[in-house]
Amino acid sequence: MASIRLPAARRDGRQKRRRLVLAPFVALTLFFVLPGSILAGKAARHTVRIRGVKFEPDTIEVNRGDTIVWVNQDPYPHTVTAPGVFDSHSIPAGGKWQYVARKAGDFSYVCTLHPNMKGMLGVK
Ligand SMILES: [Cu+2]
């Protein structure tokens, strides 16, 4: 089958143009996908223990991009629920659940199984 071959110089030009067109999209994607704290290399991991029907600590301040791990040390299930923001659903005894804080704000949360269990997550 006959095919039309472009001169090498024109082909190179096309490849360069394609790279130049893609560069801003790649940069924008990285900018939006990676939270600021990850770009700065300081995403942290925090642990909240659940024991004695309490969150310990019950208030925690983190940076965007940080991960919070709730560890259930009680012999029965609990949840970590901030309606409309995050919901672990039932975390079994001895289980854990983690959340990556991508959204800034102060989020009060509860255990839906024990409504007296309250916690606060602040995300800067
Ligand atoms: Cu509970």
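The structure we're discussing is the one just above.
About the cut-offs
Residues numbered from 1 in each chain as written. Predicted model: local features only at pLDDT ≥ 70, side-chain atom pairs only at ≥ 80, totals over all residues. Heavy atoms only, no water. Helix = DSSP H or I, 4+ residues; strand = E, 2+ residues; numbered from the N terminus. Buried < 20%, exposed > 50% of the residue type's maximum accessible area, 1.4 Å probe, protein only. Contact = heavy atoms within 4.5 Å. Areas by Shrake-Rupley, 256 points an atom, 1.4 Å probe, with all protein chains shown as cover. Salt bridge = Lys/Arg side-chain N within 4 Å of Asp/Glu carboxyl O. Donors = N, O, S within 2.8 Å, 3.2 Å for Na, K, Ca; no water. Pairing = 2+ DSSP bridges. Phe/Tyr/Trp six-rings, centres within 6.5 Å; stacked < 30°, edge-to-face > 60°.

A.B. asks: Hey, could you run me through the overall build of the protein chain in this one?
C.D. replies: Within the protein chain, the regular secondary structure consists of two helices and nine strands. Mapped in sequence order, the helices and strands of the protein chain form the string α-α-β-β-β-β-β-β-β-β-β. Here the protein chain, with 124 residues, has 30% of them falling under the buried criterion. Of the contacts made within the protein chain by residues no fewer than 6 positions apart, 48% connect residues no fewer than 24 positions apart. Approximately 8,500 Å² of the protein chain is accessible, and the part contributed by carbon and sulfur atoms is 59%.

A.B. asks: So what exactly am I meant to see when it comes to the environment of F86 here?
C.D. replies: Structurally, the position occupied by F86 is in strand β6 (residues 86-87). Spatially, the C-alpha atom of F86 lies 7.9 Å from that of Y99, the residues being 13 residues apart in sequence. For F86, the contacting residues outside a window of four places in its chain are V80, T81, W97, Y99, F107, Y109 and L121.

A.B. asks: It is not clear to me how the pattern of salt bridges should be interpreted in this structure. Could you clarify?
C.D. replies: When charged atoms on two side chains of opposite charge get close, those side chains can pair. Tallied over the full model, the rule gives one salt bridge. Its salt-bridge partner being E56, residue R51 comes within 2.9 Å of it at the nearest N-O pair. By relative accessible area, R51 is classed as partly exposed at 33%.

A.B. asks: Sorry if this is basic, but what is going on with the coordination of the copper ion here?
C.D. replies: Six octahedrally arranged donors around a metal ideally form angles of 90 or 180 degrees; four tetrahedrally arranged donors ideally form angles of 109.5 degrees. Coordination of the copper ion by the protein is provided by H78 (ND1), C111 (SG) and H114 (ND1), with metal-donor distances spanning 2.0 to 2.1 Å. Of note, the donors binding the copper ion are all from one chain and are spaced H-x32-C-x2-H. In this pair, H78 is assigned in the loop between β4 (67-72) and β5 (81-82) and C111 in strand β8 (residues 105-111), connecting sequence segments 33 residues apart. Residue classification places C111 among the buried positions, given a relative accessible area of 0%.

A.B. asks: How should the sheet that holds strand β2 (residues 55-56) be read in this particular structure?
C.D. replies: Strand pairing in a sheet relies on backbone hydrogen bonds, with the paired strands running either antiparallel or parallel. Overall, mixed pairing links the four strands, which are arranged β2-β1-β4-β7 in an open sheet. In this open sheet, the two edge strands, each paired with only one partner strand, are β2 and β7 (96-100). Relative to β4, strand β1 (residues 45-50) is paired through six bridges, and the arrangement is parallel. By the bridge assignment, I50 is partnered in β4 with N72.

A.B. asks: Is there a simple way to think about the packing of aromatic side chains in this case?
C.D. replies: Working definition: an aromatic ring pair is given by the centre-to-centre distance plus the angle between the planes. Within the structure shown, the criterion is met by eight aromatic pairs. Centre to centre, the rings of W97 and Y99 are 6.1 Å apart; their planes meet at 15 degrees, and the pair counts as stacked. Accessibility assignment for this pair places W97 and Y99 in one class, buried. Taken together through their ring pairs, the aromatic side chains of F55, W70, F86, W97, Y99 and Y109 make up a single cluster.

Nothing here speaks to function; it is geometry throughout.
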